[in-house]
Amino acid sequence: MNPFDDNYFMKKALQEAEMAFDKGEVPVGAVVVIDNKIIAKSHNLTETLNDVTAHAEMQAITAAANYLGGKYLIDCTLYVTLEPCQMCAGALYWSQISKIVYGAKDEKRGFETLGTTLHPKTKIIGGVMENEAATLMKRFFIEKRNLN
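Remember, predicted model here, so these are calculated numbers, not experimental data. (Residues numbered from 1 in each chain as written. Predicted model: local features only at pLDDT ≥ 70, side-chain atom pairs only at ≥ 80, totals over all residues. Heavy atoms only, no water.)

We now examine the environment of tyrosine 67. On the secondary structure map, tyrosine 67 appears in helix H3 (residues 56-68). Its relative accessible area of 45% is what places tyrosine 67 among the partly exposed residues. Each C-alpha atom, one on tyrosine 67 and one on alanine 40, is 7.7 Å from the other, the two residues being 27 residues apart in sequence. The contacts of tyrosine 67, once residues within four sequence positions are left out, are Lys37 and Ile39. Within the structure, tyrosine 67 has its side chain in polar contact with the side chain of lysine 37 (distance 2.7 Å). (Helix = DSSP H or I, 4+ residues; strand = E, 2+ residues; numbered from the N terminus. Buried < 20%, exposed > 50% of the residue type's maximum accessible area, 1.4 Å probe, protein only. Contact = heavy atoms within 4.5 Å. Polar contact = N/O pair within 3.5 Å; in protein donor to acceptor, adjacent residues only side chain to side chain.)

Okay, structure coming up:
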């Protein structure tokens, strides 16, 4: 059995989401993988950086492009705990990433929900470790509401 499957890498993205949670950020984590090697990992930093574009996916795209020395993420897979939003989907489109694997669906802001298209060669898999990702997100917003 290959230890490097979708669940293995989604667990790494969930670890990033936990880091975001601990910082008071919306708990979304992401990793970019090529040839079973993580080349970028990130989590939401919008509050920390006071930057609405500092989503986990955007941070991961930049880090992966820097690692590869080019702007295209061909042959790369993004593992992200939440369905990407339109902004992130646009950046992923331009990066020409080969595959996106996400955990929980974002029923309000997700790119698939809103009908945003990705690069025609990008493969999409949703629902990997969906329960774990959704539970973390729900826990974050319950705690946030209780603090306010």
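Spanning 18 residues, helix H5 (residues 130-147) covers 26 Å between terminal C-alpha atoms, matching the ideal 26 Å at 1.5 Å per step. Looking at the buried side of H5, the elements it contacts are helix H1 (6-22), strand E3 (77-82) and strand E4 (99-104). (Expected span 1.5 Å × (residues − 1).)

Turning our attention to the environment of glycine 90. Relative to the assigned elements, glycine 90 resides in helix H4 (residues 86-95). The spatial distance from the C-alpha of glycine 90 to the C-alpha of threonine 117 is 8.1 Å, given a sequence separation of 27 residues.

Across the sheet, five strands lie side by side as E2-E1-E3-E4-E5; this open sheet has mixed pairing. Since the sheet does not close on itself, it has two edges, and those belong to strand E2 (37-43) and strand E5 (123-125), each with one partner. Ignoring which end each strand starts from, the neighbouring axes of this sheet average 15° apart. Sheet analysis places strand E1 (residues 29-34) next to E3, joined by four bridges and oriented antiparallel. Residue pairing across strands places valine 32 opposite leucine 78, the latter belonging to E3. Across the sheet, H3 touches E1, E2 and E3, and the angle it forms with E2 is around 145°. Of the strands in this sheet, E3 and E4 touch H5, which is tilted by about 60° from E4. (Pairing = 2+ DSSP bridges. Axes fitted to C-alpha atoms, helices over the stretch in contact; angles between N-to-C directions.)

Further remarks concern the pairing of E4. Extensive coverage of E4 is indicated by the burial of five of its six residues. The pairing of E3 with E4 spans five bridges and is parallel. Across the sheet, residue leucine 82 finds its bridge partner in E4, namely alanine 104. The handedness of the E3 to E4 crossover, carried by H4, is right-handed. (Right-handed = clockwise from strand over helix to strand, strands pointing away.)

Look at H3: 18 Å from first C-alpha to last across 13 residues, which is about the 18 Å you get at 1.5 Å a residue. Taken residue by residue, H3 has Ala56, Glu57, Met58, Ala60, Ile61, Ala64 and Ala65 as its buried positions. Looking at the buried positions of H3, the neighbouring elements they touch are E1, E2, E3 and H4. Remark: glycine 69 follows H3 within two positions and exhibits a positive phi of approximately 80°.

With that out of the way, let us pick up the nonpolar core. Ranked by size, the top nonpolar core spans 36 residues in total, and within it Met10, Val32, Cys76, Leu78, Tyr79, Leu92 and Ile97 carry the most contacts. If you list the elements that add at least two residues to this core, you get H1, E1, E2, H3, E3, H4, E4 and H5. Top element by residues in this core is E1. It accounts for five residues. Residues within four places of valine 32 in sequence aside, it is in contact with Lys37, Ile38, Ile39, Ala40, Ala60, Ala64, Cys76, Thr77 and Leu78. (Core = buried A, V, L, I, M, F, W, Y, C linked by side-chain atoms within 4.5 Å.)

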